[in-house]
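Observations on chain architecture
Residues per chain, in single letters:
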Amino acid sequence: MPRRLLEIADLQPDELRGILDTAAFFKKSSYRGQELAGKTLALLFEKPSLRTRTTLEVAALHLGGHAVYLDNRQVALGVREPVKDVALNLGRWVEGIAARVNKHEAVVELAEFSGIPVINALSDTHHPLQALADLLTLQERFGRLEGLRLAYVGDGNNVLASLLEAAALAGIEVTVSTPEGYEPPPALMERAGAQLVRDPMQAVRGADAVYTDVWVSMGQEEETQRRLRDFSGYTVTPEMMRIAGERAIFLHCLPAHYGEEVVEEVVYGPQSAVFDQAENRLHTAKAVLAGLIGGRPWSA
Ligand code: CP
Ligand code: NVA
């Protein structure tokens, strides 16, 4: 069975550690290799992207391989032809697929029928590539992951789901603060041993990192008005960062909706690590591709 990264839970703790160590080594050495020489990665995106698409393309290039971006207006996944047929075709031409899909089931189906490694480049329920960059950023800032305290304020969405799975593997203590009705799945909270604290000011007190993401994810645009109302009071502000503490860092997967989940002052402020986080998308993507498609063992 080809390896896959559909969710962080697909990884064993030592594999997660290996990806982070490899990514740190790649970063430190400005690594260029040949793990993907002669190999092609297909990028199949049903939703827009800056970071994920760019970093996967650049990562493939740095490893001697090639990425081909498939415009979903042409492919029309599941519309022009079934996901299964797209998978069966791609499996004949390329050595790996990274897919950003509306429904998580689509990426599962691609993995099931393509016969090649498949990477989830974001689905409605998971964003594993993001969580890897988040952990690398925390590791760099604090020199460790185990026992760190992370407060997530906002929507219990795909980004939080992957973060909780990663936290469970790495021993990070997570406090989640969402309005009623926007909690992540209870099983994920349980797996990470995370606690729910409704009041965001209380949730961030003493945290090493404060994390937020948009209140309206791609595909939820029809719910915008209701969500903006429901999330009122959950904006990450300089005052909230002061309560978290001077040494706390601020994380956001980006893109940010300024004036909603966060204000500009925080993203561009002294506690922000968001552009390191964005940079780390490249190094972690390289580690994933080198291992999953290039067969490089996940250790530094
Ligand atoms: N954080 C992230 O996945 O960004 P993109 O949507 O731009 O890829
Ligand atoms: N939760 C956001 C993440 C974007 C990278 C979304 O799904 O739109």
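These numbers were taken from a predicted model, which means no experiment stands behind them.

Contacts to ligand 1 come from Ser-49, Leu-50, Arg-51, Thr-52, Arg-100, His-127, Gln-130, Cys-253, Leu-254 and Arg-281. Between ligand 1 and the protein, one listed contact pairs an oxygen atom with a side-chain N or O atom of Thr-52 at 2.6 Å. Within the side chain of Arg-281, a nitrogen or oxygen atom sits 3.1 Å from an oxygen atom of ligand 1. Surface burial for ligand 1 is 96%, taken as the share of its 260 Å² of free accessible area covered by protein chains.

Attention now goes to the pairing of strand E4 (residues 96-100). Across the 5 residues of E4, 5 count as buried, placing the element largely inside the fold. Because side chains alternate across E4, one face comprises the buried residues Gly-96, Ala-98 and Arg-100, and the other comprises Ile-97 and Ala-99, equally buried. With 3 bridges joining them, E4 and strand E5 (residues 118-120) adopt parallel strand pairing. The residue bridging Ala-99 from the neighbouring strand is Asn-120, located in E5. The β-α-β motif built from E4, the intervening helix H5 (residues 104-114) and the parallel element E5 has right-handed crossover chirality.

Moving on, we get to helix H7 (residues 158-170). When the terminal C-alpha atoms of H7 are compared, their 18 Å separation across 13 residues agrees well with the 18 Å that a helix rising 1.5 Å per residue should span. With 11 of 13 residues buried, H7 lies mostly within the body of the structure. Within H7, the full set of buried residues consists of Asn-158, Val-159, Leu-160, Ala-161, Ser-162, Leu-163, Leu-164, Glu-165, Ala-166, Ala-167 and Ala-170. Looking at the buried side of H7, the elements it contacts are helix H1 (13-28), helix H6 (128-142), strand E6 (149-153), strand E7 (173-177), helix H8 (186-192) and strand E9 (209-212).

In spatial order, the strands read E8-E7-E6-E9-E10; together these 5 strands make up an open sheet with parallel pairing. In this open sheet, the two strands that pair with only one neighbour each are strand E8 (195-196) and strand E10 (249-252). Taken together, the 3 bridges between E6 and E9 define a ladder with parallel strand orientation. Residue pairing in the sheet places Tyr-152 in a bridge with Tyr-211 of E9. Against the sheet, H6 contacts E6, E9 and E10, and its axis sits at roughly 165° relative to E10.

For the rest of this paragraph, the subject is the site of ligand 2. Within the structure, ligand 2 sits among Leu-122, Asn-157, Asn-158, Val-159, Asp-213, Val-214, Ser-217, Met-218 and Leu-254. Within the contact set of ligand 2, a nitrogen atom lies 3.4 Å away from a side-chain nitrogen or oxygen of Asn-157. At a separation of 2.7 Å, a nitrogen atom of ligand 2 approaches a polar side-chain atom of Ser-217. Protein contact buries 94% of the 270 Å² of open area that ligand 2 shows by itself. When grouped by side-chain class, the residues that make up the shell around ligand 2 number 5 nonpolar, 3 polar and 1 charged.

Let us look at the packing of aromatic side chains. Tallied over the entire structure, the rule returns 9 aromatic pairs. Look at Tyr-182 and Phe-231: their rings are 4.5 Å apart centre to centre, the planes differ by 50°, and that puts the pair in the tilted class. With Tyr-182 in the loop between E7 and H8 and Phe-231 in the loop between helix H10 (224-230) and helix H11 (238-244), this pair connects stretches of sequence that are 49 residues apart. Each member of the pair, Tyr-182 as well as Phe-231, carries the same accessibility label: buried. When the centroid spacing of 5.4 Å and the interplanar angle of 10° are considered together, the rings of Trp-215 and Phe-231 count as stacked. One end of the pair, Trp-215, is in the loop between E9 and H10; the other, Phe-231, is in the loop between H10 and H11, and 16 residues separate them in sequence. Residue Phe-231 is classed as buried on the basis of its relative accessible area, which comes to 0%. Above the face of the Tyr-69 ring, Arg-53 is positioned so that its terminal group lies 3.5 Å from the ring centre.

One can describe the packing of H6 onto helix H13 (residues 274-292) by two numbers: an axis separation of 8 Å at closest approach and a directional angle of 115°. When the interaxial angle is binned, H6 and H13 end up roughly perpendicular. Pair H6 / H13 crosses with right-handed handedness. Counted together, Leu-129, Gln-130, Leu-132, Ala-133, Asp-134, Leu-136, Thr-137, Glu-140 and Arg-141 of H6 and Asp-276, Gln-277, Asn-280, Arg-281, His-283, Thr-284 and Val-288 of H13 form the full contact between these two elements. Taken together, the residues that form the contact of H6 with H13 break down as 5 nonpolar, 6 polar and 5 charged.

Rules used in this analysis
Residues numbered from 1 in each chain as written. Chains lettered and ligands numbered in written order. Predicted model: local features only at pLDDT ≥ 70, side-chain atom pairs only at ≥ 80, totals over all residues. Heavy atoms only, no water. Near = heavy atom within 4 Å. Polar contact = N/O pair within 3.5 Å; in protein donor to acceptor, adjacent residues only side chain to side chain. Areas by Shrake-Rupley, 256 points an atom, 1.4 Å probe, with all protein chains shown as cover. Buried < 20%, exposed > 50% of the residue type's maximum accessible area, 1.4 Å probe, protein only. Helix = DSSP H or I, 4+ residues; strand = E, 2+ residues; numbered from the N terminus. Pairing = 2+ DSSP bridges. Right-handed = clockwise from strand over helix to strand, strands pointing away. Expected span 1.5 Å × (residues − 1). Contact = heavy atoms within 4.5 Å. Axes fitted to C-alpha atoms, helices over the stretch in contact; angles between N-to-C directions. Nonpolar A, V, L, I, M, F, W, Y, C, P; charged D, E, K, R; others polar. Phe/Tyr/Trp six-rings, centres within 6.5 Å; stacked < 30°, edge-to-face > 60°. Lys NZ or Arg CZ within 6 Å of the ring centre and 35° of its normal. Parallel < 35°, antiparallel > 145°, perpendicular 65-115°, else oblique. Left-handed = near helix turned anticlockwise from the far one by under 90°.

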